[in-house]
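# Architecture at a glance
Letter by letter, the chains look like this.
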Amino acid sequence: MHPPVSPAPGLALPSPWGIFEVLLLVTFAAHLLAVNVALGGTLIALLTPGRDRGAALSLGGKLPTTVAIAVNLAIPPLLFASVLYGQYLYSAAVLTAATWLSLFMVVMIAYALLYYAQPRLALAASRPAVLAAACLLLAASLILVNVSTLAVRPAAWMAYFDNPGGTVLNFADATFLPRWLHFVTASLAVAGLFLAVISRKAAAAGDAAGLARKRLGLAWFTRATMVQFLVGLWFLFSLPREVHFAFLGGDGLATAALLVGVLLAGAALVQGVQGRVGPAAWFAVASVAAMVAVRELVRLLTLAPAYSPAALPTLPQYGPFFMFLAAFAGSAAVAVWAVGCFRRRAGRGA
Amino acid sequence: MEYPVWQLSAFGGGFWIVVIAVLHVYVAHFAVGGGLFLIMTERRARKLGSAPMLDYLHRHARFFLLLTMVFGALSGVGIWLTISVLSPQATLMLVRTFVWGWATEWTFFAGEIAVLLVYYYGFDRLDAKTHLRVGFFYFLLAFLSLFTVNGIIGFMLTPGEWPTTLNFWDGFFNPTFWPSVVLRLALALLLAGLFGFATALGIPDEKTREDVLRASCRWVVAAAPVLLLSGFWYVGVLPPGVREFVLRRSSEIASYRLAYPVLLVLLAAGSLALATHLPLRLRRILAVALLVLGLGLVGAFETIREAARKPWLVHGQIWSTDIRPSQAAPYDAPFLPRARFAKVKQVTPQNRLEAGRELYAMQCLACHSVGGPFKDIRAYTAHIGAAGVEAYLTGQGKLFTQMPPFLGSPEERAALAAYVSEGINGKKPAVPKPAEVLPAEVALPPFDAAAAPYLLIGFNSLGVVAMAGCDGSFSLAVPGNTLQAVLVKRDVMPEVVTKDVTVAYEAPDGFKHPSKRLDFWKHAATLVGKRLDPDVSTTGLAPDGVMTAGDKLYSAAGIPVSPYPDAGGVNPYPVFTLTAKDAASGETLAVTKAVAPVATEMRCFTCHGGGFAVDGETGVSADTAKGILAVHDKRNGTDLAERAKAGGPVACQGCHESDSPNAGVAPKDPKALLSLSAAVHGFHASYLSGGDARACGNCHPTAPDGVTQAQRDNHSAAGIGCVRCHGYMEDHALSLLAHEKAAGKKAAAWLMAPLSPRAAASVAEIRPRAAWTQEPDCLTCHKDFTRPAQDASAFGVWTKDAAGLFRNRKEDTGNIPCAACHGSPHATFVAANGYGLDVNNIPSMQYMGFPGVLGSAKRCDVCHTVEMQGGDVHHPNMERE
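Residues numbered from 1 in each chain as written. Chains lettered and ligands numbered in written order. Predicted model: local features only at pLDDT ≥ 70, side-chain atom pairs only at ≥ 80, totals over all residues.

### Remarks on the interface of chain B and chain A
Contact residues are listed per partner, giving 63 residues for chain B and 60 residues for chain A. If you list the elements that add at least two residues to the side of chain B that touches chain A, you get helix H2 (51-86), helix H3 (88-97), helix H4 (99-121), helix H5 (128-157) and helix H7 (168-172) of chain B. A per-class count over the side of chain B that touches chain A returns 42 nonpolar, 16 polar and five charged. (Contact = placed C-beta atoms within 7 Å. Helix = DSSP H or I, 4+ residues; strand = E, 2+ residues; numbered from the N terminus. Nonpolar A, V, L, I, M, F, W, Y, C, P; charged D, E, K, R; others polar.)

### A few points about the domain arrangement of chain B
Structurally, chain B comprises domain 1 (15-319), domain 2 (325-424) and domain 3 (452-673 + 696-726 + 810-854). Placing the centre of domain 1 of chain B and that of domain 3 of chain B at their C-alpha centroids yields a distance of 65 Å. (Domains from an automatic or database assignment.)

### As for H3(B)
Because an α-helix packs 3.6 residues into every turn, residues spaced three or four apart end up facing the same way. In terms of burial, H3(B) is largely enclosed, as ten of its ten residues are buried. Here H3(B) has its buried residues at B:Pro88, B:Gln89, B:Ala90, B:Thr91, B:Leu92, B:Met93, B:Leu94, B:Val95, B:Arg96 and B:Thr97. (Buried ≥ 20, exposed ≤ 12 C-beta atoms within 10 Å, placed from the backbone.)

### Section: the sheet that holds strand S9 (residues 544-546) of chain B
All names here are of chain B. The strand order across the open sheet built from four strands is S9-S8-S12-S13, with neighbouring strands paired in antiparallel fashion. Lying at the two open borders of the sheet, with one neighbouring strand each, are S9 and strand S13 (588-595). Taken pair by pair, the neighbouring strands of this sheet meet at an average axis angle of 20°, ignoring direction. (Pairing = 2+ DSSP bridges. Axes fitted to C-alpha atoms, helices over the stretch in contact; angles between N-to-C directions.)

### Things to note about the nonpolar core
The nonpolar side chains of a soluble globular protein tend to be buried with one another. The biggest cluster of nonpolar side chains holds 408 residues, and the ones touching the most others in it are B:Val115 and B:Leu190. Per element, the largest residue contribution to this core is 23 residues, and it comes from helix H3 (residues 63-95) of chain A. If we ignore the near neighbours within four places in the chain, the residues touching B:Val115 are A:Val334, A:Ala335, A:Ala338, B:Val134, B:Phe137, B:Tyr138 and B:Leu141. (Core = buried A, V, L, I, M, F, W, Y, C linked by C-beta atoms within 7 Å.)

### Quick word on the environment of B:Val680
Tracing the backbone through its elements, the reader meets B:Val680 in helix H22 (residues 676-688). For the pair B:Val680 and B:Ala733, spaced 53 residues apart in sequence, the C-alpha separation works out to 8.6 Å.

### Quick look at the pairing of strand S8 (residues 501-506) of chain B
Residue and element names in this part refer to chain B. Burial along S8 is one-sided: the face carrying Val-501, Val-503 and Tyr-505 is buried and the face carrying Thr-502, Ala-504 and Glu-506 is not. As judged from the six bridges shared by S8 and strand S12 (residues 575-582), these two strands associate in the antiparallel manner. Bridge pairing links Val-501 to Asp-582 in S12. Note: S8 against S9, three bridges, orientation antiparallel. Pairing of Tyr-505 across the sheet is with Gly-545, part of S9.

### Remarks on the pairing of strand S6 (residues 481-489) of chain B
All names here are of chain B. Burial analysis of S6 places eight of its nine residues in the buried class, the great majority of the element. Relative to S6, strand S3 (residues 454-460) runs antiparallel, the two being bridged by seven bridges. Counted as the bridge partner of Tyr-454 is Lys-489 from S6. Note: S6 against strand S11 (residues 554-559), four bridges, orientation antiparallel. Across the sheet, residue Leu-483 finds its bridge partner in S11, namely Ala-556. Of the strand pairs in this sheet, S6 and strand S7 (residues 495-497) are connected by three bridges, and their pairing is antiparallel. The residue of S7 that forms the bridge with Leu-487 is Val-497.

### Comments concerning H3(A)
Residue and element names in this part refer to chain A. The end-to-end C-alpha distance of H3, which contains 33 residues, comes to just 32 Å, noticeably less than the 48 Å that a straight helix rising 1.5 Å per residue would cover. Of all the bends in H3, the largest measures some 105° and sits at Tyr-85. Counting buried residues along H3, 32 of its 33 residues qualify, which places the element largely inside the surrounding structure. (Expected span 1.5 Å × (residues − 1). Bend = angle between axes of the 7 residues up to and from the residue.)

### Concerning unusual backbone geometry
All names here are of chain B. Here the amide bond leading from Lys-310 into Pro-311 is cis, since omega sits at 5°, within 30 degrees of zero. Mapped onto the secondary structure, Pro-311 falls in the loop between helix H12 (280-308) and strand S1 (312-314). A cis amide bond links Ala-329 with the next residue in sequence, Pro-330, at an omega value of -10°. The topology assignment puts Pro-330 in the loop between helix H13 (325-328) and helix H14 (352-363). Backbone geometry at Asp-500 places phi at a positive 65°, although glycine is not the residue there. Tracing the chain through its elements places Asp-500 in the loop between S7 and S8. Even without being a glycine, Trp-772 presents a positive backbone phi close to 75°. Mapped onto the elements of the fold, Trp-772 is located in the loop between helix H26 (747-752) and helix H27 (778-781). Among the residues examined, Trp-772 registers 17 C-beta atoms within 10 Å and is labelled partly exposed.

Here it is as structure tokens:
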């Protein structure tokens, strides 16, 4: 059931696989942070809008842009994951095509609802729109967990023979529920921390409402992170035996990556409990980055030894790679300049 | 073959990609052109110092932001998701080949989002210069995004040198890159104008409103001619084969090709109307209509581009089915065992429909939905049964290359055909219905072997005349058979007589008015170019008449005859009476009977729909004929169906020369088109290849359970079918086409290309032959008139010309035609079918009392009044036991 590596034209990698792997990790971590803020922020705005709906206003004002950024940042990891694991990812996508295809529509509607709610956040009447957006974003997370778990379990593809209509759901997979909860919990934690970060200045300036938002954000962060240790353990032990053994000393790199991720999360938690938003945020970002590496190792270990992207044929051509680097630099420069203009004007009180 | 297939039904056939892609392309192009519209309008507003215009622009920018970022961005992701589930292999190929292109495009997209957000949220916050600069960068990044994606999309249609070099840049800057960039940029500007209308109509300030409307109009009117010219440029740079397909061969593209310029004209005209002072309400309706037309324009262009690629996703690399040719080879090897996600691996009688369903999902569903809005397979196959579908599958991708070839074994092909017919169209499996045929009673005139002074032998020249019987639609042959007769004056040394003797022929009762049930005479003027009296043939003969005396032979060429008796029913074997009389005295010298077989039994409906026209047994029905003409018109750009509908049907042989005795009409330029026989066999051979003699029975009246049973000669009884002399369908077609090719007819090579000879190792070894005048030579097998080997084959050795044909040859003394003693072609004695021995062996039954070659079993006394001994007078080996 493992798709063979085809030598057909167009299937060789144009650069060494490691380049794609690094880019996948970096861009996925960025995407994950944005997604965490988008989903967790929507949930927090819905569940604890705060006094005078301050938290809802503060978060909700940024949610549409966060979704836009999250969607944009979804593209490179999807691209690089396709390059390295396309045959697995696409096979899984076909199996659950109906849900996979609905993903963009679900996110689109959620995005539109958040835009709709944005100017109405001060009113409780915005709740239905935020609630609908939250449900849709949670649905999107389920869709992604479904595909992600299917993509690394070719044995589960047998379900296709009884269900070729693109509605295979991988709920029976032992990792499904803990993996999803791991993600949702992380979203609540990161979004809480995000709320604290954006409320930090107001809090420091003595604004009581800002301080309340910061405390609320940190409360979400610390409590969700505490829960995350339990969920994380559940997730770890739900992984196939040989995989979770690898993270418990069986494989040095895997064990070290997990340990670093957990330690960073612990450090973030400690900083959070102490109310130190800035260090907590840095540790959290680092922890997410480490956990993205852990996630990648889980995929590699799960697919091994049948498949390794390192074994893919390569036909290097570096011109296009440099074009990408140049375009990235140029676009980033323009974006930084534009945002800088905006912020400078804001700083002038315009 | 390596991936599962999303088994949709109604929403198969590319439904999702068409819907999502067209809408995305619409908005994505607006996202580019709209960017330029924003900054140009802002410049104008600031130059004029128009607060209402700036206010409008702010609102327009919000609309722009929401539409392009919410729908545009997400639907772009949607395309990715869609293609990955519909065509995973092709997607992976595009991803890996162009990963840095995609990544580059992403950077532009990311930059777009950043600067667009700054542009919108900074509307009142940034100074004018900076704001405009931000807007400019937005447009620049949006255009670069289009520029990048354009290279990859163009690659799919025109990979250029990439298949050879595998170089990114060769694929990216492919032949359609630049015309496509220009076209898409113009499209983007046109759409910006259209959306400008939609939002500007809401401007309360009239002056500003009209100003923006006029500006929007200029965008559309300026972009329209660029779109038209770049469209020409685009088509002009296509590889010749693709261009030919787009401009001529693709029937699907034709309507979109027409729609494209029409829509441009309508859009330009509508835009001009919007810039006038029509009532606002009317202009609002018009603006919405123009947005819809704009969507139609995008749809037309994208459909042409997608359709032009057929049958490829990536031209020359991956078929629309997401299968690579290299994966599929050999194409006729069993497919299911090689398909990773096939549940059924081997076709059995029990699982054939399930196997067919799997094959459908893997080889058809990518383009053909089941009951859905896109290329519903029912629309293409509901009129035919499994046999017809199987023929289409056999020929798929051979002559017309918009579809890939069917991949799989003959058993899998049959399973797929059965699934389409039974599983999708709900038809019942075809059950053979043998025609009800009874032995015919022939009142043979008495013959006194001891005293009869004359012997009159009658025979027909063709064995059977085959017509379509749908003269109201078209004609393949005029209704007429040729009867010939030899009058032998019996003696020790008999003499063939033609002097002072007349031989009359008389149609049997019920066959004297063939015009009653055949439409030929109604349409003779257009079919054969002259009006004919009812029941009079193109050669001027009536059902009753007098034969023409020739060189030791009487002949009546083209007696009008039909298989339809006046009173109803079907009888392909009307028995005529021949009477020889002394010309002077009128005394009857001899009387005999002769059958003039005629058939309309063609099973065209198998592939063209409809059914038999008469009694469920014979005749091409009007529905079937309509289907045939539709195919001819579609493939050749003719208007035959329209002409037939208007009462002016044409004869095939009026354009395609035919040397058949029943042609009845000749084309003005016989060299212009393939001969009728070569065209018909050559075309259908691709669809009927791989078969045996039963394939012949699809069109010829040779089916053993049919109403005609024309294959009734002694060869047939010995198990020697059509192919032993004429070759298999492929061989037969190749021999005819090779002759046409040598005559310089271009279409021959096209029809020959997909055919593989079965009787020879290569096409070069197939000997060409002219239809009707060069036929298999009997003496190829019957060397020196001996009995041939069991496996002898006459294929490949043709008579030099018409003089060498069995029907035109005589025995060694030059007196008696071969057919007089041996019977007509395809009815040589002993001939037998469901109509019995009498009607099929009249001369021997009349003169010898038993069926056989006249004079066989040492019955020389049929002609000779003394016992004959020794010598092979008429031909060698006459005296074999």
